[in-house]
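One-letter residues, chain by chain:
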Amino acid sequence: MADERFYQKSGIYTIQDLAVYCGAQLGADVDPSLVINDVAPLHKAEAGHISCLHNPKYIDQFKKTKATACLVSPEFAKYAPKEIALLLSPKPYRAYGQVAGFFYPHAKKSGGVSSQAAIHSTAKIGKNCTIGPFAVIEENVRIGDGCEIGAHCVIEAGVELGQECRIAANVTISHALLGKRVSVKPGARIGQRGYGFHMDEEGHLNIPQLGRVIIGDDVEIGSNTTIDRGAEADTVIGCGTRIDNLVQIAHNVQIGENCVIVAQVGIAGSTQLGRFVIAAGQVGIAGHLNIGDGVKIAAQSGVMRDIDKGDTVAGSPSVAARDWHRQTVALKRLAEKGN
């Protein structure tokens, strides 16, 4: 189903191949040699395709799908069409992601190092790297094996990239150490000086920003996101974290492992987020706060205080989600009475 101009399929597989790859179990009476040639959504799938039901909202589509096979959790298997072959998984969407990646692995760019790239003589470039036209690699940069650096990127002096990083076009990186397999989308800015200055009646005085940005393994950073370097301490992004487009992360912020930071979030300086924190779209988080592990922050919330481990908050200023819900219901009733 994917457009062949942009995506290259790796092959055709048996359903047993896919089951082994994603750790799913074959449903009852499924022929292990059944051939699957592509992935597709439920409503567009045809013969030969494998699809996925991961949300009960789509049970009706599941009942009508023309897919040959489907990944589904055991609790929803009862809704399957008669002829469909099931792959059973407690996490069907995760399994689908693995299967889709099996059919369509990342296509490494070819072309080596462009003759139009400007690479300083002291830079160390690893094996099998791709560097696009008009990229600038400054002195003492270290780039690990298998990295891809897009056109018009600027990797400033001293920056280090771990193995297999993917830096898309028009990215600038300074004062930063990146781990392995970091993905940075077009237009992102990493390591610029933070928004730090002293204010008084004599005028604003910039405070030197002497820290770095430390990014762990397997982090993804969205387009036009900005991550300021630390002022004294470092700005840190933990392993496995996913940062969406148009996010602002200020100096000294520390984000734990496997967090999810959605588009247009702003995190002010020196705030610390624990592991597995979710900040939904347009959340604003004030500076010098501590956000505990597993916290969930609803979209457009304004966070002005510390949040304990595992809490879910909403609103501006943010409160416990259950309190926010009660407040909004009460305000709605007042408005209805006024009308």
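Here is a short report on the structure shown in this document.

How each quantity is defined
- Residues numbered from 1 in each chain as written.
- Predicted model: local features only at pLDDT ≥ 70, side-chain atom pairs only at ≥ 80, totals over all residues.
- Heavy atoms only, no water.
- Buried < 20%, exposed > 50% of the residue type's maximum accessible area, 1.4 Å probe, protein only.
- Helix = DSSP H or I, 4+ residues; strand = E, 2+ residues; numbered from the N terminus.
- Arc of directions from axis to C-beta.
- Pairing = 2+ DSSP bridges.
- Expected span 1.5 Å × (residues − 1).
- Contact = heavy atoms within 4.5 Å.
- Axes fitted to C-alpha atoms, helices over the stretch in contact; angles between N-to-C directions.
- Parallel < 35°, antiparallel > 145°, perpendicular 65-115°, else oblique.
- Left-handed = near helix turned anticlockwise from the far one by under 90°.
- Nonpolar A, V, L, I, M, F, W, Y, C, P; charged D, E, K, R; others polar.
- Core = buried A, V, L, I, M, F, W, Y, C linked by side-chain atoms within 4.5 Å.
- Phe/Tyr/Trp six-rings, centres within 6.5 Å; stacked < 30°, edge-to-face > 60°.

Moving on: helix H1 (residues 15–22). Residue pairs spaced three or four apart in an α-helix point in one direction, given the helix's 3.6 residues per turn. All of the buried residues along H1 are Ile15, Leu18, Ala19 and Cys22. Taken down its axis, H1 places every buried residue within 100° of arc, on the same side. At the C-terminal side of H1, Gly23 shows a positive phi close to 75°.

Once that is clear, we can look at the pairing of strand E7 (residues 85–88). The pairing of strand E2 (residues 25–26) with E7 spans 2 bridges and is antiparallel. Considered in E7, the bridge of Gln25 is made with Leu88. Here 4 bridges tie strand E6 (residues 69–72) to E7, and the two strands are oriented parallel to one another. Among the inter-strand pairings, Cys70 is bridged to a residue of E7, identified as Leu86.

A rise of 1.5 Å per residue sets the reference length of helix H3 (residues 92–103), with its 12 residues, at 16 Å; its end C-alpha atoms lie 16 Å apart and thus fit the reference within 8%. Next to the buried residues of H3 lie strand E1 (13–14), H1, strand E3 (35–36), strand E4 (38–39), strand E5 (49–52) and E6.

A word on the packing of H1 against H3. Look at H1 against H3: their axes get within 9 Å of each other, and the N-to-C directions meet at 120°. In terms of orientation, H1 and H3 fall into the oblique class. The handedness of the crossing between H1 and H3 comes out as right-handed. Of H3, the residues touching H1 (which contributes Leu18, Tyr21 and Cys22) are Ala95, Gln98, Val99, Phe102 and Phe103. In terms of residue class, the contact of H1 with H3 is made up of 7 nonpolar, 1 polar and no charged.

Right, let's talk about the sheet that holds strand E23 (residues 213–215) for a bit. Strand order in the open sheet formed by 9 strands is E9-E12-E15-E18-E23-E26-E29-E32-E35, with parallel pairing between adjacent strands. For this open sheet the edge positions go to strand E9 (124–125) and strand E35 (290–291), each flanked by a neighbour on one side alone. Relative to strand E26 (residues 235–237), E23 runs parallel, the two being bridged by 3 bridges. Across the sheet, the residue bridging to Ile214 is Val236, located in E26.

Considering the arrangement of structural elements, one finds Asn245 in the loop between strand E27 (242–243) and strand E28 (248–249). C-alpha of Asn245 to C-alpha of Gln264: the two residues are 19 residues apart in sequence and 7.0 Å apart in space. For Asn245, the residues in contact, after removing those within four places along its chain, are Lys185, Gly222, Ser223, Thr225, Ala263 and Gln264.

Spatially, 5 strands are ordered E2-E7-E6-E5-E4 in an open sheet, and the strand pairing comes out mixed. Each having just a single partner strand, E2 and E4 make up the two edges of the open sheet. Each of E2, E5, E6 and E7 touches H1; the most contacted strand, E7, lies at about 15° to it. Of the strands in this sheet, E4, E5 and E6 are in contact with H3, which crosses E5 at around 150°.

On to the environment of Ser51. Structurally, the position occupied by Ser51 is in strand E5. Measuring from C-alpha to C-alpha, the distance between Ser51 and Thr65 comes to 8.7 Å, with 14 residues separating the pair along the chain. The residues contacting Ser51, other than those within four sequence positions of it, are Ala40, Pro41, Leu42, Ala45, Ala67, Ala69, Cys70, Leu71 and Tyr96.

Let's shift gears to the nonpolar core. Of all hydrophobic cores here, the largest spans 52 residues; its most connected members are Ile149 and Ile167. When residues of this core are traced back to their parent elements, those giving at least two are strand E18 (176–178) and E23. Excluding residues within four positions of it along the chain, Ile167 makes contact with Glu148, Ile149, Gly150, Cys153, Leu161, Ile173, Leu178 and Val184. If you look at the next biggest cluster of nonpolar residues, it comprises 21 residues, including Cys22, Val39, Leu71 and Ala85.

Further remarks concern the packing of aromatic side chains. The relative placement of two aromatic rings is captured by the distance of their centres and the angle of their planes. For the coordinates displayed, the defined rule picks out 6 aromatic pairs. Ring plane angle 20° and centroid distance 4.3 Å describe the contact between Tyr13 and Phe102, whose orientation is recorded as stacked. With a gap of 89 residues between them, Tyr13 in strand E1 and Phe102 in helix H3 connect regions that are remote in the sequence. Overall, Tyr13 belongs to the buried group, its relative accessible area being 15%. For Phe102, a relative accessible area of 21% corresponds to the partly exposed category. Ring centres 5.2 Å apart and planes at 70° place the aromatic pair Tyr13 and Phe103 in the edge-to-face group. Taken together, the residues span a long stretch of sequence, with Tyr13 in strand E1 and Phe103 in helix H3 at a distance of 90 residues. Residue Tyr13 shares its accessibility class with Phe103, and that shared class is buried.

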